[in-house]
Amino acid sequence: KSSPNYPEILKEISGAPKQLYVRGELPDNYEMNFAIVGTRAASEYGKTLASKIAKELAELGFNIVSGLAIGIDTEAHLGALEGKGKTIAVVGSAIDDNSIYPSSNLKLVKRIKSSGGAVISEYAPGTKSEIWFFPERNRIISGLSRGVLVVEAPEKSGALITARLALEQNRDVFAVPGSIFSKNSLGANTLIKSGAKMVTSVDDILEELNF
């Protein structure tokens, strides 16, 4: 935490990690960090939107923060790369090749690093991943970001934990509305009902952030 490279924005949160392990480079314009999160069991609707919004924000100079999970997170990272932007993956595992979870995203890890982004974790290389690492790392995703967008999330979802933490950390919370018949949109729709900013295009995010 005492390192000059430790993100200032992360020091503001309660329970900030004492140390961060980084593969690649953390962008230093933290005021441009924005998180996009959602369910692993994403629909085509959710995936398309996550990728599109990430790409458009990246083209405007935002750094896209997410959790490297299959589904919405992966699409957010890919969209940021497509928009020639930087992306930060906060993983619920250690960051060495053998520990990265999900291992199917190892190629993506290398792309993130080579495009000037970073893959980060509070767990030392070689640490065996535990189930509680995933909800635990969510405070870092929101803590690193000015705002958090939930694209698609069922009622009980890690993305909703991230949204709750974001509110506690005084970050802006956004959500994409979905069909009332879709289980995957229950969480996001509930967030909107309870005051999250509804997002139907990137402009809604820019307006709220006074960008």
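Residues numbered from 1 in each chain as written. Predicted model: local features only at pLDDT ≥ 70, side-chain atom pairs only at ≥ 80, totals over all residues. Heavy atoms only, no water.

The full count for this structure, using the stated rule, is six aromatic pairs. Ring geometry for F34 versus F62: centroids 6.5 Å apart, planes at 75°, classification edge-to-face. Placement of F34 in strand β2 (residues 33-37) and of F62 in the loop between α2 (44-59) and β3 (63-66) is noted, with a sequence separation of 28 residues between them. Of the two residues examined, F34 and F62, each falls in the buried class. Centroid distance Y101 to F134: 5.5 Å. Interplanar angle 70°. Geometry classified as edge-to-face. Of this pair, Y101 sits in the loop between β4 (87-90) and α4 (106-114) while F134 sits in helix α5 (residues 133-143), placing them 33 residues apart in sequence. By relative accessible area, which is 45% here, Y101 ends up partly exposed. (Phe/Tyr/Trp six-rings, centres within 6.5 Å; stacked < 30°, edge-to-face > 60°. Helix = DSSP H or I, 4+ residues; strand = E, 2+ residues; numbered from the N terminus. Buried < 20%, exposed > 50% of the residue type's maximum accessible area, 1.4 Å probe, protein only.)

On to the environment of G46, then. Considering the arrangement of structural elements, one finds G46 in helix α2. Between the alpha carbons of G46 and Q169 there is a distance of 26 Å; along the sequence they are 123 residues apart. Once you skip the residues sitting within four places of it in the chain, G46 turns out to touch I72, V151 and E152. (Contact = heavy atoms within 4.5 Å.)

To continue, consider the nonpolar core. The biggest cluster of nonpolar side chains holds 30 residues, and the ones touching the most others in it are V90, I120, L144, V150 and L191. Leave out the neighbours within four places in its chain, and I120 touches L20, Y21, V22, L26, I88, A89, V90, V91, I95, I140 and L144. Membership of the second largest hydrophobic core comes to 24 residues, among which are F34, A80, V199 and L209. (Core = buried A, V, L, I, M, F, W, Y, C linked by side-chain atoms within 4.5 Å.)

Here N33 is to be found in strand β2. A polar atom in the side chain of N33 sits 2.9 Å from the side chain of N63. Looking at N33, its side chain comes within polar contact range of the main-chain oxygen of L144, at 3.0 Å. Apart from the residues within four sequence positions on either side, N33 is in contact with N63, V65, I88, L144, S145, R146 and G147. (Polar contact = N/O pair within 3.5 Å; in protein donor to acceptor, adjacent residues only side chain to side chain.)

Another aspect to go through is the sheet that holds β4. Ordered in space as β1-β5-β4-β3-β2-β6-β7-β8, the eight strands form an open sheet in which the pairing is mixed. The open sheet has two free edges, formed respectively by β1 (21-24) and β8 (197-198), since each of these has just one partner strand. With three bridges connecting them, β2 and β3 associate as parallel partners. For N33, the partnering residue across the bridge sits in β3 and is N63. Across the sheet, α2 touches β2, β3 and β6 (147-150), and the angle it forms with β2 is around 175°. (Pairing = 2+ DSSP bridges. Axes fitted to C-alpha atoms, helices over the stretch in contact; angles between N-to-C directions.)

Attention shifts here to α2. Here α2 is 16 residues long and its end C-alpha atoms lie 22 Å apart, about the 22 Å a rise of 1.5 Å per residue gives. Residues of α2 that are buried include every one of G46, L49, A50, S51, I53, A54, L57 and A58, and no others. Tucked inside the fold, the buried residues of α2 contact β2, β3, α3 (72-82), β6 and α8 (202-208). Of the residues trailing α2, G61 is marked for its positive phi of about 100°. (Expected span 1.5 Å × (residues − 1).)

Turning to its location among the elements, V109 is positioned in helix α4. Owing to a relative accessible area of 0%, V109 belongs among the buried residues under this scheme. For the pair V109 and I88, spaced 21 residues apart in sequence, the C-alpha to C-alpha distance is 9.7 Å.

Purely spatial values, then, with no claim about function.
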